[in-house]
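These are the residues of each chain, in order.
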Amino acid sequence: MKLIRFGNTGEEKPGIINKNGQRLDVSKFGEDYNEAFFEKDGIKRLITWLSKNIDNCPRISENERLGAPICRPSKIVCVGLNYAQHAHESGAQVPSEPVLFFKSTTAICGPYDDVIIPKGSQKTDWEVELAVVIGKKASYVEEGNAMDFVAGYVLHNDISEREFQLERQGQWVKGKSNDTFAPLGPWLTTRDEISDPNNLNLWLKLNGKTMQESNTSDMVFKIPELVSYISQFMTLLPGDIISTGTPFGVGLGLNPQKYLVEGDVMELGVDGLGVAKQNVIKYT
C-alpha cells in the first residue's frame, strides 16, 4: 500500500494510491498517519476498512498538493557517513559503528514544496536518502527481529547547511534542521511492497544533471542493524523516521564545492518510493 497526505500545509488529510495509480481520499477512515495510527496497527486496519469502503472514497485531483506522508513523528534519527564513498568525499573515515544525529521535525515539508535557503546560508547542500518508518515501539531490539518493527519506507532529501553543520561549534543538528530541510515523500510505501530495501537504486539530479546515483546495497550498516543499534540508545516510537544516509555526490564533496542557489531544481528518487522535485528559493 502507498500512503499519502494531501491538502494545504498544516491541513493535510490522509489518502492512498491504489493499484491503478489513482489518488483516493480516505479521510472518512477517521485517522491521520500519526503515532497513534501506527501504534494501533493502522495499516492493517486501513486495509480492512478499504475492503468495504474503497468504492466510496473520493478521487483526489492530480493538482492537489501532497504533504509529507507522515504526520509529525516524535523524531527523525539520521545516520551519517553510511556510504563509504560519501565518508571519503566528506574527509571522514568510514565509521566502525553508526554515526547518529537528529533532525528537527519542524524541518519536514512535502515532496514538491520549495526548499528555502536559510538566512545567512552560503553552503546549503542536497542528500538523497532512503528513510525507514517505524511501525511499533522499539526498545532493545534484536537485529534478527528488527524488520518486524518497520512499517514502511519513504524518500527523504536530507538538506544540509554545511557551514552551520561543520564550521560552527556544536553538533550537526544546527545544519540539518532549518525549515524545509526534510522533504518527505511523495508517499510511504508499506514494508510488504519492498522485497529488499537493502537493494534499491537511489539518485538525485540538480538542474537535470545527475549528481548522486547509487544503491542501498552500498550502505555500511544495513537496515536491520540500524534499527537494532538505535533502539539500544533510545526508544523508537511508531511513526518515527530513521534516515539511512546518503551516497557519494553531494556538493560538499565536489572540487570545487557546489551549493544550492535560488532557482535550482532538485529531482530525486528511490526505487518503489516515487520521485520528488523541489525548487530552491531564498529566505525572505
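Remember, predicted model here, so these are calculated numbers, not experimental data.

(A) Layout of the side chain of Thr246. Its location among the elements puts Thr246 in the loop between strand E16 (241-243) and strand E17 (265-270). Ignoring any residue separated from it by four or fewer positions in sequence, one finds Thr246 in contact with Tyr83, His86, Glu127, Val128, Glu129 and Gln212.

(B) Geometry of the sheet that holds strand E18 (residues 275-282). Spatially, E8-E18-E17-E14-E15 is the arrangement adopted by the five strands of the open sheet, whose pairing is mixed. Pairing within the sheet leaves two strands with one partner each, and these edge strands are strand E8 (115-117) and strand E15 (209-215). Sheet twist, expressed as the average angle between the axes of neighbouring strands with direction ignored, equals 20°. Relative to E15, strand E14 (residues 201-206) is paired through six bridges, and the arrangement is antiparallel.

(C) Layout of the pattern of salt bridges. Tallied over the entire structure, the rule returns 14 salt bridges. With its nearest N and O atoms 3.0 Å apart, the salt bridge here joins Arg65 to Glu12. Of this pair, Arg65 sits in the loop between helix H2 (42-53) and strand E4 (66-67) while Glu12 sits in the loop between strand E1 (2-6) and strand E2 (13-17); the two residues are 53 residues apart in sequence, bridging distant segments of the chain. The salt bridge involving Lys176 is made with Glu127; its shortest N-O contact spans 3.4 Å. Within this pair, whereas Lys176 is found in the loop between helix H4 (162-167) and strand E13 (182-190), its partner Glu127 is found in the loop between strand E9 (124-125) and strand E10 (128-134), the two being separated by 49 residues in sequence. Through salt bridges with shared partners, a single network forms among Lys103, Asp125, Glu127, Asp158, Arg162 and Lys176.

(D) Just the pairing of E18, in detail. Bridge count for E8 against E18 is three bridges, and the pairing is parallel. Residue Ile116 lies in a different strand from E18, and its bridge partner there is Ile281. Pairing geometry for E17 and E18, over five bridges, is antiparallel. Considered in E18, the bridge of Gly269 is made with Val275.

(E) View of unusual backbone geometry. Omega for the bond connecting Asn255 with Pro256 falls within 30 degrees of zero, at 5°, which places this linkage in the cis form. Here Pro256 is to be found in the loop between E16 and E17. If you check the backbone angles, Tyr140 has positive phi at about 55° while not being a glycine. With respect to the element layout, Tyr140 can be found in the loop between E10 and strand E11 (150-157). Even without being glycine, Asn207 reaches a positive phi, approximately 55°. Classification of Asn207 as partly exposed rests on a relative accessible area of 47%.

(F) Structural view of the packing of aromatic side chains. Under the definition given, this model contains six aromatic pairs. Seen from their ring centres, Phe29 and Trp49 are 5.7 Å apart, and the 65° between their planes marks the pair as edge-to-face. Taken together, the residues span a long stretch of sequence, with Phe29 in the loop between strand E3 (23-25) and helix H1 (35-39) and Trp49 in helix H2 at a distance of 20 residues. Each member of the pair, Phe29 as well as Trp49, is classed as buried. In this structure an aromatic cluster arises from ring pairing among Phe29, Tyr33, Phe37, Phe38 and Trp49. Its end group placed over the ring of Trp203, Lys205 keeps NZ or CZ at 5.7 Å from the ring centre.

(G) A look at H2. Between the first and last C-alpha of H2 there are 16 Å, a value that for twelve residues agrees with the 16 Å anticipated at 1.5 Å per step. Buried within H2 we find Gly42, Ile43, Leu46, Trp49 and Leu50. The buried side chains of H2 occupy one side of the element, clustering within an arc of 120° when seen end-on. Among the exposed residues of H2, those oriented more than 90 degrees off its buried face are Lys44, Ser51 and Lys52. Buried residues belonging to H2 abut E1, E2, H1, E11 and E13.

(H) Structural view of the environment of Phe233. Take Phe233: it is sitting in the loop between helix H5 (223-231) and E16. On a C-alpha basis, the gap between Phe233 and Tyr259 in space is 34 Å, while along the polypeptide they are 26 residues apart.

Conventions used here
- Position labels on residues start from 1 in each chain and follow its written sequence.
- Selection of residues for local features in this predicted model requires a pLDDT of at least 70, selection of side-chain atom pairs for listing and counting requires 80 or more, and totals for whole chains, interfaces and linings are taken over all residues.
- The side-chain values count all of the structure's non-hydrogen atoms but skip hydrogen atoms and water molecules.
- Strands here are runs of E lasting at least two residues and helices are runs of H or I lasting at least four, both read from the DSSP assignment and numbered beginning at the N terminus.
- Any pair of residues with heavy atoms lying within 4.5 Å of one another is described as a contacting pair.
- For two strands to be treated as a pair, DSSP must find no fewer than two bridges joining them.
- Only the stretch in contact is used when fitting a helix axis, every axis being a line fitted to C-alpha atoms; angles between N-to-C directions are given from 0 to 180 degrees.
- Just to be clear on terms, a salt bridge is a Lys or Arg side-chain nitrogen sitting within 4 Å of an Asp or Glu carboxyl oxygen.
- To sort residues, take the accessible area from a 1.4 Å probe on protein chains only and compare it with the maximum for the residue type: under 20% means buried, over 50% means exposed, and anything in between is partly exposed.
- A pair of aromatic rings is counted whenever rings of Phe, Tyr or Trp (Trp by its six-membered ring) have centres within 6.5 Å, and the orientation is called stacked for planes under 30 degrees apart, edge-to-face for over 60 and tilted otherwise.
- Criterion for a charge above a ring: Arg CZ or Lys NZ at most 6 Å from the ring centre, at most 35 degrees from the ring normal.
- Given a helix with a known number of residues, its expected span is that number minus one, times 1.5 Å.
- By definition, the arc is the one covered by directions from the helix axis to the C-beta atoms.

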